[in-house]
Amino acid sequence: MTTPLTEAGAPGPAATSVPLLRSTVRHSGPRCTALALVSLAATGANLLLPVALGGALDLLLADDPDGSRRVLWCTGLILAVAALDAVETVLGGTTDARATAWLRHRLVGHVLAVGPRAVARFGPGDLVARLVGNAAQAGTAPATVAALLAALAGPLGAVVALGLIDPWLAAVFVIGAPLLALVLRTLARDSSACVTRYQRAQGRIAGGLAEAVAGHRTIAAAGTADRTVARVLRPLTELSREGHRMWHVQGRAAARAAAVAPLSQLAVVATAGVLLTRQHLSVGELLAASRYAVLAAGVGVLVGQLSGLVRARAGAERLAEILTEPPTTYGDRLLPPSGPGRPESDNPCGPGRLELCSVTVRRGGRAVLDGVDLVVPAGTTLAVVGRSGAGKSLLAAVAGRLVDPDEGEVRLDGVPLPELDRRELRRAIVHAFERPALLGDSVEDTIAFGSPRPSPARIREAARAAHADAFVRRLPDGYATPCADAPLSGGEAQRLGLARAFARDGRLLVLDDALSSLDTVTEHHITDVLLRPTTGGSRLIIAHRAATAARADTVAWLDGGKVRATGPHAELWRVAGYRELFGAEGDTEADDRADASGGGREAEIGAPTTTGTGGDGTDRAPGAPNSTRASADARVGPDHRREPERGARASADAAGRPGREREAEAGARAGTGMGGAEIARGAAGSQGSSGGGGR
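Read on for a plain summary of the structure.

Things to note about the nonpolar core
Counting residues in each nonpolar core, the largest one holds 35 residues, and the members touching the most others are Leu 354, Leu 356, Leu 369, Leu 395, Val 398, Ile 429 and Leu 540. Looking at this core element by element, the count peaks at six residues for helix H14 (residues 392–399). Setting aside residues up to four positions removed in sequence, Leu 395 forms contacts with Leu 356, Leu 369, Val 372, Leu 374, Val 384 and Leu 558. Ranked by size, the runner-up nonpolar core spans 33 residues in total, among them Leu 475, Phe 502, Leu 511 and Val 529.

Dropping the structure here:
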């Protein structure tokens, strides 16, 4: 049985903004209650003050000795009002801050639980705008609700006080009350739409800005900074228009209230004057009635509080859209046990057996992966090759359950991935990416990122296995250097990502183009470490170079989202379309003629195993015009009977290594798999001198 789980432990997704606002108010319940009580107390003190002042005035006019005591009471009330206002301000600010923090914690946890779907739907910039700006607006809801109750209590209490002084005063004021109610209703209706459009325009600007920051090098190289600025700020016109419309709506409501309220106040004061001449009211009661007329017509406070509530609701609507994305569900199952001494019956499929059964993934109505069936036997290596857009990275994401398929099933050691416990799943499957995120306060924290944290010795073993130890030690503070202060090249960042993967024991290691930024020599060394025979898990590698594919146990050829063929690299190499993936041309007849001609040209025609390195130090594609190895491969294909040895020799040739050393390494073909931690331990002390990495 699977249950929804978010990283923050938040409830399930909300469908509308109202439940989200209610849950925010409930979360801030104690503070919201305290704020409401303080606000009501301040309102009560303000309601007592007019009658106290009126009574003191009557006593002073009558030369009553109690008049001085009444003045002291009025002074105490004024001080109490000031103190309560200060407490209300502090409580309102802290309530807003805590409610906003709770919303952000919940939303960030939900976004992490949803995964890439959240970024794909909203975009990183708009998502940040929602989590930062809109969460702050929605976080004001508890304090606004509490203050709105007090703001309503003030006018209602003032009308009641007018009725207690004289019923005619209350009746005169109530005549104009419907006009004030209409003003408030119009404000709420008109403000909601323009505030929503204003926030959406803000989100589009934030999205464009995030995109521009991420692609700043491309923009600078293309010389399109001015056009990019114009594109990012294009919604600014709409933002300005909606902002002016919003303030126009609020200003119009305030103007109407300002026109109606003084008329009501004047009518109350005039009526009180008439009653005073008829000796139905005293001078003090006239003073109190004039003050209560002002409090009863206090629409300005209501307009401000209502506008704040409208903004909070509009922000909550944008947050609720995020919560409509369902989080990834996890089960509670564990993987079958593995390790020395475990009986075969405990785990007949593993450890590390990966099965993709009729997997289909759609994007925008198109099947990016279409009915994929693949099996990675335990302890073996599967290289996935194909042209750009064939679905290789998506396949890697599906294999590690970073993406769930729309159809089909993915199993690890016989257990469907959705049924696995979240921690069990993340411990079992380890990833390394083309552009790893270097998270953590230091380089050591970056390599150790995850749960559980590896030991310092394990971290350094993993760094040596990834050929990162040498350049890390050259950093100002070594492993303690903050990543932000470390001038890392693309290849060095990839090696830190590989070290993070090697530092963990996993049943499946997924490398999503994680070697693409490495120079040929470093890639050769790391591939040796990856494919060294040992006991451990399996590996799924997204490969772009023939060398990597040649040394894998099996190659899966993706074409248009489907598996076109699977098999050893040597067998697939006989297909012209497969050779074209690596920049090689020719046909199988040329391969047969090469086999018949003998091995005299063996050194020249080895399988196309690695990309060359141009004179500028950059990796060159296998089929680039200046690649002599690609030209040789175009003339004659590899002998499939000697493919493993030739692949290893060609890789060693690219590394510029001696012939005897190449022959010794030719047998380093992977027969069984190895986990990330075993890779690190196996490579400890054997890093060698690569001199590369693209610094």
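As for the sheet that holds strand S3 (residues 354–363)
Taken in spatial order, the four strands line up as S4-S3-S6-S7 in an open sheet, and their pairing is antiparallel. At either margin of the open sheet sits one strand with a lone partner, and together these are strand S4 (366–376) and strand S7 (415–416). Relative to S7, strand S6 (residues 407–412) runs antiparallel, the two sharing two bridges. In the strand pairing of S7, Arg 411 is matched with Pro 416. Its contacts with the sheet put H14 on S3, S4 and S6, and the angle it makes with S3 is roughly 125°.

A few points about the pairing of S4
Taken together, the seven bridges between S3 and S4 define a ladder with antiparallel strand orientation. What sits directly across from Leu 354, in S4, is Val 376. Counted between consecutive antiparallel strands, the loop separating S3 from S4 contains two residues, among which Gly 364 sits at a positive phi close to 60°.

As for the sheet that holds strand S9 (residues 508–512)
Reading across the sheet, the six strands line up as S8-S9-S10-S5-S11-S12 and stay open at both edges, with mixed pairing between neighbours. Because the sheet does not close on itself, it has two edges, and the strands there are strand S8 (429–433) and strand S12 (562–567). Ignoring strand direction, the axes of neighbouring strands in this sheet form an average angle of 15°. Bridge count for S9 against strand S10 (residues 538–542) is four bridges, and the pairing is parallel. Considered in S10, the bridge of Leu 508 is made with Ser 538. The strands touched by helix H19 (residues 490–502) are S8 and S9; relative to S8, the strand with the most contacts, the crossing angle is about 175°.

Here's the deal with the pattern of salt bridges
With the rule as written, the count across this model stands at 29 salt bridges. For Arg 411, the salt bridge is made with Glu 355, and the minimal N-O distance between the two is 3.4 Å. Remark: Glu 355 occurs in strand S3 and Arg 411 occurs in strand S6; sequence separation between them is 56 residues. Residue classification places Glu 355 among the buried positions, given a relative accessible area of 11%. The partner of Arg 551 in a salt bridge is Asp 528, and the shortest N-O contact between them spans 2.5 Å. Residue Arg 551 is located in helix H21 (residues 546–551), and its partner Asp 528 is located in helix H20 (residues 520–530); the two are separated by 23 residues in the primary sequence. One exposure class covers both Arg 551 and Asp 528, and it is buried. A single salt-bridge network, built from bridges that share partners, covers Asp 126, Arg 130, Arg 318 and Glu 321.

Observations regarding helix H7 (residues 167–175)
For an α-helix the count is 3.6 residues per turn, leaving residues at separations of three or four pointing the same way. Turning to H7, its buried residues are Leu 169, Ala 170 and Phe 173. Here the buried residues of H7 occupy an arc of 95° about the axis, which is enough to place them on one side. The exposed set on the far side of H7, more than 90 degrees from its buried face, consists of Pro 167, Trp 168 and Ile 175. For H7, the side-chain oxygen to backbone nitrogen distance between the N-cap and Trp 168 is 2.9 Å, and the N-cap itself is Asp 166.

Quick word on the environment of Leu 558
Inspection of the secondary structure assignment puts Leu 558 in strand S11 (residues 554–559). Taking C-alpha positions, Leu 558 is 7.7 Å from Arg 387, a pair spaced 171 residues apart along the chain.

Quick notes on the rules
- Residues numbered from 1 in each chain as written.
- Predicted model: local features only at pLDDT ≥ 70, side-chain atom pairs only at ≥ 80, totals over all residues.
- Heavy atoms only, no water.
- Core = buried A, V, L, I, M, F, W, Y, C linked by side-chain atoms within 4.5 Å.
- Buried < 20%, exposed > 50% of the residue type's maximum accessible area, 1.4 Å probe, protein only.
- Helix = DSSP H or I, 4+ residues; strand = E, 2+ residues; numbered from the N terminus.
- Contact = heavy atoms within 4.5 Å.
- Pairing = 2+ DSSP bridges.
- Axes fitted to C-alpha atoms, helices over the stretch in contact; angles between N-to-C directions.
- Salt bridge = Lys/Arg side-chain N within 4 Å of Asp/Glu carboxyl O.
- Arc of directions from axis to C-beta.
- Polar contact = N/O pair within 3.5 Å; in protein donor to acceptor, adjacent residues only side chain to side chain.

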